[in-house]
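A look at the structure
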Amino acid sequence: MLVLGIESSCDETALALVKNGRLEDSIVSSQIDIHAIFGGVVPELASREHYHLIGPLFDRILKNNTMNPSDLSAIAVARGPGLLGSLLVGTAFAKALAFGLEIPLIGVNHLHAHLLVTSLEYTPEFPALGLLVSGGHTNLYLIYSPFKIEQLGATLDDAAGEIFDKIGQIIGLRYPAGKAIDELASRGDPHSFNLPRPYLENNSLDFSFSGLKSAAANLVQQECLREDITRHPDFCASFNYAIAETLVEKTSRAIAAHPDIRQIWLAGGVAANSLIRRMIKTLADSCNLPFLAPSPALCTDNGAMIANAGYLLLKSGFFSKLSMETIPRGKTIPDDYQRIIKDNIKILYN
Ligand code: KG4
Ligand code: ZN
């Protein structure tokens, strides 16, 4: 079963091929240079760029793999959450392909795909506890199967990736700043500056990072840190450590509340952060639980995660109608998969 995955929810146009659960090829075209001058993603520019790129990238992946469209068994596409105009480019392209080739379409939840990409490099065991940390989300999940994923907590305001990017910009780093803060932090002392660990005095598994963002922004101003680049490593180390400790604390509470979990998964763009990876791994080790985190290239947005989630869903008999809706950020993704009835499988695959 050869599944094409299409990702266009934000500022990466990405296509990948997954064959029987194995990654065959992955192309990611990032628009970072276009958006960096604005200090964040400009939705209209993002959708135009997806529109220009998606056809040529499809031709390229076919050429790279010396294959024809008719070799594909199914088309998986990120249906949300994300920027509506961007998502529409990917979903319209995917629907046209699925219709023209008469093969199944699988609309994939982008957030679930971030978590499930774990199965490309590890053998998953369920239920797993998933911590998804990205530019738009900081969520905790209980994962029972590729199609049964329960959200335990979410950020009430800013996501962890968002504050990495905003504070990075305030000290003069280029958008998106997460990776640069990670690198600077590795050379600094995490105890140099005192920053809060926000929203811990409650029983909820939700997160709130806006207070830490304000505290960090005030500190930069008071100590004139933007100008004093010699103190950037210490500041970044302290800031990164405050985020990591907050994530560890809530994850540790989620583990305590769910003694049946068998693995800890870390996913999303911020899962590429070296300190966060190390600290969540230490937590998992202390609980005798296996720690699974994708390699950094599979943490940030990519097509492999969409193709993989599509493969897992289709293998379990789920696909989408061609009339499937595209879902922007903030709206719930409906559980509206169609089921393949056993005798029907041939019709859909041939
Ligand atoms: O998952 P992703 O590619 O896109 C979303 O779905 O949001 O995540 C992007 C986020 C950005 O905020 C970026 O700064 C952050 O991931 N990021 C990192 C690192 N690499 C990427 N944050 C901290 N440390 C990193 N090494
Ligand atoms: Zn993402």
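Everything below is about the structure shown above.
Thresholds, definitions, all that
Residues numbered from 1 in each chain as written. Chains lettered and ligands numbered in written order. Predicted model: local features only at pLDDT ≥ 70, side-chain atom pairs only at ≥ 80, totals over all residues. Heavy atoms only, no water. Near = heavy atom within 4 Å. Polar contact = N/O pair within 3.5 Å; in protein donor to acceptor, adjacent residues only side chain to side chain. Areas by Shrake-Rupley, 256 points an atom, 1.4 Å probe, with all protein chains shown as cover. Helix = DSSP H or I, 4+ residues; strand = E, 2+ residues; numbered from the N terminus. Expected span 1.5 Å × (residues − 1). Buried < 20%, exposed > 50% of the residue type's maximum accessible area, 1.4 Å probe, protein only. Arc of directions from axis to C-beta. Contact = heavy atoms within 4.5 Å. Bend = angle between axes of the 7 residues up to and from the residue. Axes fitted to C-alpha atoms, helices over the stretch in contact; angles between N-to-C directions. Parallel < 35°, antiparallel > 145°, perpendicular 65-115°, else oblique. Left-handed = near helix turned anticlockwise from the far one by under 90°. Nonpolar A, V, L, I, M, F, W, Y, C, P; charged D, E, K, R; others polar. Phe/Tyr/Trp six-rings, centres within 6.5 Å; stacked < 30°, edge-to-face > 60°. Lys NZ or Arg CZ within 6 Å of the ring centre and 35° of its normal. Pairing = 2+ DSSP bridges. Donors = N, O, S within 2.8 Å, 3.2 Å for Na, K, Ca; no water. Tetrahedral: all angles 85-135°; square planar, octahedral: opposite > 155°, others 65-115°.

**Concerning the site of ligand 1**
Surrounding ligand 1, one finds 20 residues, the nearest of these being Gly 135, Asp 165, Asp 182, Gly 269 and Asp 301. The backbone of Gly 135 places a nitrogen or oxygen atom 2.8 Å from an oxygen atom of ligand 1. In this structure, Gly 161 approaches ligand 1 through a main-chain N or O atom, which is 3.2 Å from an oxygen atom. Burial of ligand 1 by the surrounding chains reaches 88%, relative to a free accessible area of 560 Å².

**Some points on helix α7 (residues 210–222)**
In this model α7 runs 18 Å from its N-terminal to its C-terminal C-alpha over 13 residues, within 8% of the 18 Å that 1.5 Å per residue would give. Residues of α7 that are buried include every one of Leu 212, Lys 213, Ala 216, Leu 219 and Val 220, and no others. Summarising the axial view, the buried residues of α7 lie within an arc of 130°, below the 170-degree limit, and thus occupy one face. Facing away from the buried side of α7, by more than 90 degrees, are the exposed residues Gln 221 and Gln 222. If you follow the buried residues of α7, they end up packed against α5 (160–170) and α8 (232–257). Note on α7: the residue one or two positions beyond its end, Cys 224, has a positive phi of about 50°.

**Observations concerning helix α2 (residues 43–64)**
Taking 1.5 Å as the rise per residue, α2 with 22 residues should run 32 Å; its terminal C-alpha atoms sit 30 Å apart, in good agreement. For α2, the principal kink sits at Leu 53 and spans about 35°; a proline, Pro 56, occurs within the next four residues. Along α2, the residues classified as buried are Ala 46, Ser 47, His 50, Ile 54, Leu 57, Phe 58, Ile 61 and Leu 62. Residues of α2 that are buried make contact with β1 (2–7), β2 (12–19), β3 (22–30), α1 (32–36) and α3 (84–101).

**Some points on the environment of Glu 24**
The topology assignment puts Glu 24 in strand β3. Residues Glu 24 and Ala 304 lie 280 residues apart in sequence; the distance between their C-alpha atoms is 8.9 Å. Glu 24 has contacts with Leu 17, Val 18, Lys 19 and Asn 65, leaving out every residue within four places of it along the chain.

**Some points on the packing of α8 against helix α9 (residues 274–286)**
When two helices pack together, their arrangement is given by the angle between the helix axes and the distance between those axes. Relative orientation of the contacting elements α8 and α9 amounts to 30°, with a least axis distance of 9 Å. Classified by the angle between their axes, α8 and α9 sit roughly parallel to one another. Classified by chirality, the crossing of α9 by α8 is right-handed. Contacts between α8 and α9 involve Asn 240, Tyr 241, Ile 243, Ala 244, Glu 245, Leu 247, Val 248, Thr 251, Ser 252 and Ile 255 on the former and, on the latter, Leu 275, Ile 276, Met 279, Ile 280 and Leu 283. For the contact of α8 with α9, a count of residues per class yields 11 nonpolar, three polar and one charged.

**Focus: the packing of aromatic side chains**
Aromatic ring pairs are defined here through the distance separating the ring centres and the angle between the ring planes. Following the criterion strictly, the structure yields eight aromatic pairs and no others. Both rings, one in Phe 164 and one in Phe 239, keep their centres 5.8 Å apart while their planes meet at 75°; by these two values the pair is edge-to-face. Of this pair, Phe 164 sits in helix α5 while Phe 239 sits in helix α8, and the two are 75 residues apart along the sequence. Here Phe 164 and Phe 239 have matching classes, each one buried. An aromatic cluster is built from Phe 164, Phe 193, Phe 235 and Phe 239, whose rings are joined through pairwise contacts. Between Lys 148 and the ring centre of Tyr 144, over which it is positioned, the NZ or CZ distance is 4.2 Å. Positioned above the aromatic ring of Phe 318, the side-chain terminus of Arg 339 is 4.2 Å from the ring centre.

**Focus on the pairing of strand β7 (residues 138–145)**
Burial runs high along β7: seven of the eight residues are buried. Where strand β6 (residues 128–133) meets β7, six bridges bridge the pair, whose relative direction is antiparallel. In the sheet register, Gly 130 faces β7, and the bridge partner there is Tyr 141. Count of turn residues in the β6/β7 antiparallel hairpin: four residues. The turn linking β7 back onto strand β8 (residues 148–153) is made up of two residues.

**Quick look at the side chain of His 110**
Assignment of secondary structure puts His 110 in helix α4 (residues 110–116). Overall, His 110 belongs to the buried group, its relative accessible area being 6%. With near-sequence residues (within four places) excluded, His 110 lies in contact with Glu 7, Ser 9, Gly 80, Pro 81, Asp 301 and Met 305.

**Focus: the coordination of the zinc ion (ligand 2)**
Bound to the zinc ion (ligand 2) on the protein side are His 110 (NE2), His 114 (NE2) and Asp 301 (OD), at distances that span 2.1 Å. Around the zinc ion (ligand 2) sit four donor atoms; with metal-centred angles ranging over 92 to 140°, the donor geometry is irregular. Between consecutive donor residues of the zinc ion (ligand 2), the sequence gaps follow H-x3-H-x186-D. With His 114 in helix α4 and Asp 301 in the loop between α10 (296–299) and α11 (304–315), this pair connects stretches of sequence that are 187 residues apart. Looking at Asp 301, the relative accessible area reads 15%, which means it is buried.

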